[in-house]
Every structure is written in C-alpha cells, then in structure tokens.
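Residue-level listing of the chains:
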Amino acid sequence: MLGYLAAAALCLAAALLVRLDPKLLADLPGLSSVFPQQCGVPVGRLLNREELSLYHGGPGSPGLYLAILGKVFDVQKGSKHYGPGGSYSFFAGKDASRAYVTGDFTDKGLVDDVSELSPLEMLHLHNWYSFYQKNYATTGKLKGTFYDEDGNPTKALEGALKVIDIGLKLKEQREEENRQFPPCNSEWSSDSNRVWCTKYSGGIHRDWVGVPRKLYIAGSDGYRCVCVRNSGPPYEQMDTTEHSDRGDLDNPLLREYEGCNPLFEWCIPK
C-alpha cells in the first residue's frame, strides 16, 4: 500500500513540477518503465522516425527509447548500456533491427531492413526481441516499415514473422536431429585431430555412447561429426521388436571415417 502511495505521490509531484497533463508523463525518462500502471501512462503510442530520434538519452532528450521490428521500448533503466557513451548507444533513438544480426553498427548497417535475412538469422533477431519484451517496458510502435500510420502491422512485419516461424521450425528440426545424432567431441591441433563420443558429447545427455560417423547434409557435400547409436532399433522405430540391432548405423546419410575402426568410440581422422 505504501508503495502505491509513494508512486502516486511521485507522479503527482512530477506533474506539478513540469506543469504537464499526467497523461503526458510517458515523456519523462524512466517513469513509463517504473510506474506504468500507477501513473496511468498511456501505452501503444505511435511515433515517427523523427520523434523516436529525440529519445537518445542525451542532454535535452525526453527519454531513452529504441525500437526493434517496429516495437518501441523504454530502455532508460539500461542507460549505462544504451545512453550516451554506452556500449550499445548506437541503438538508441532508432530501429536498427538488421544490426542485431549483422553486427554492422555503421550508419549504413543501423537500419530496419531485414528483408534479406535468413530464417535462422531472423530467429536470432527474435531472441533479441524477446529479451527486450522481458526486460523493458513497451512504449509504443514506430510508424514506417513495420507499422502503418494507424499502428496496424504492415506486409513487411507479416513477412518477417513468417520467416521467424520458419526459423523456429528449423530450430526444432535441428534439436530433434541432435537428439538422434548428437555432435561428437572434437580436438584439432597442428599435431593431431581426434573425434570421440561420450554419454554427454554435444551437450546431449543420454544412456548410450555411440560411435563417430560423418553425417552428410542433404543436398550438400558438407558433413559434420555425430555420435551414432550402434545397437537397438532405429531412432524412428523405437517401439519395434523386429530390427537388426544396429541402431542408426544404416542411415543413408551416414559415412564411416576412413582408417578408423567403425566399432570404436573414438577416431583420428586422416
């Protein structure tokens, strides 16, 4: 109760101090993220690029905002990172969605054009978006690429979300593949190379060790070292009682390492 009274008193004092309508308190740095309900700060504001650019956190700035995929976040509480001189200050006052993936922090790279990013790159961007949703208050939307003048999603946002959905499906497929074929442990040096399997290689904990094999990527000449279960039924037929007791060794995408004993849990590739 005392906390709510203190919050109300702070809101009233701020309103009297700057002689503003309390509904405009969203422009006071940090208040929208600290007391959004108590202050009655409106959500869902629509800003254009010029308005957002004012929220850089420097002298004379009304606050510290950034946008990602058109959603505007109040990052005042992270001012040591996003404010002037901070390691991420180049994100302030703009939507630089593309740079979260590319790492290009030049003026050319700090843009919101994500049309050429791959599904897995968009999934990385989605992780950043989720981070801001979890840690910072949503202030509104940025009119332009992802939202129109009325705050409705544009075709660009719909397209971005579809690519993210593809990325999520690819991630699920990769996780399922890793459960079937966990990555090998590997050691590469100028003197020798070695790959080997354990019950926790690849970060996949299991009750079997397996043997190292090359798993070829469909449609490509590339491969990666995986640990393959070499007994019991195939992964896709775990409930069957009729099998050759070779696990997944007969999978057509697998190849043995030349010069290595195919039954050993380790291999020194040539």
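The rules behind the values
Residues numbered from 1 in each chain as written. Predicted model: local features only at pLDDT ≥ 70, side-chain atom pairs only at ≥ 80, totals over all residues. Heavy atoms only, no water. Core = buried A, V, L, I, M, F, W, Y, C linked by side-chain atoms within 4.5 Å. Buried < 20%, exposed > 50% of the residue type's maximum accessible area, 1.4 Å probe, protein only. Helix = DSSP H or I, 4+ residues; strand = E, 2+ residues; numbered from the N terminus. Contact = heavy atoms within 4.5 Å. Axes fitted to C-alpha atoms, helices over the stretch in contact; angles between N-to-C directions. Parallel < 35°, antiparallel > 145°, perpendicular 65-115°, else oblique. Nonpolar A, V, L, I, M, F, W, Y, C, P; charged D, E, K, R; others polar. Salt bridge = Lys/Arg side-chain N within 4 Å of Asp/Glu carboxyl O.

1. Some thoughts on the nonpolar core
Okay, step 1: By size, the foremost hydrophobic cluster in this structure holds 26 residues, and its most contacted members are Leu66, Leu69, Phe73, Val75, Val114, Leu125 and Tyr132.
Okay, step 2: Of all elements in the fold, only strand S2 (65–68), helix H5 (99–102), helix H6 (119–135) and helix H7 (155–180) reach the threshold of two or more residues within this core.
Okay, step 3: Sort the elements by how many residues they give to this core and H6 lands first, with four residues.
Okay, step 4: What Leu125 contacts, discounting residues up to four positions off in sequence, is Ile68, Leu69, Ser97, Tyr100, Val101 and Val114.
Okay, step 5: If you look at the next biggest cluster of nonpolar residues, it comprises nine residues, including Cys184, Cys225, Cys260 and Cys267.

2. Remarks on the packing of H6 against H7
Okay, step 1: Contact geometry of H6 with H7 gives a least axis separation of 7 Å together with a crossing angle of 100°. One way to sum up the angle between H6 and H7 is to call them roughly perpendicular. When H6 is examined against H7, the residues Pro119, Leu120, Met122, Leu123 and His126 are found in contact with a partner set consisting of Ala160, Val163, Ile164, Ile166, Gly167, Leu168, Leu170 and Lys171.
Okay, step 2: Among the residues making up the contact of H6 with H7, the classes are represented as 10 nonpolar, two polar and one charged.

3. Side note on the pattern of salt bridges
It is possible for side chains bearing opposite charge to pair when their charged atoms get close.
Okay, step 1: On inspection of all chains with the given rule, the structure shows nine salt bridges.
Okay, step 2: Between Asp165 and Lys169 there is a salt bridge, with its nearest N and O atoms 2.6 Å apart. One end of the pair, Asp165, and the other, Lys169, are both in helix H7, four residues apart, so they sit about a helical turn from each other.
Okay, step 3: Given a relative accessible area of 37%, Asp165 falls into the partly exposed group.
Okay, step 4: For the salt bridge of Asp248 with Arg229, the shortest nitrogen-to-oxygen distance reads 3.7 Å. Residue Asp248 is located in the loop between strand S8 (223–228) and strand S9 (254–255), and its partner Arg229 is located in the loop between S8 and S9; the two are separated by 19 residues in the primary sequence.
Okay, step 5: Classification of Asp248 by relative accessible area gives buried; the value is 3%.
Okay, step 6: Put simply, Arg174, Glu177 and Arg224 are held in one network by salt bridges that share partners.

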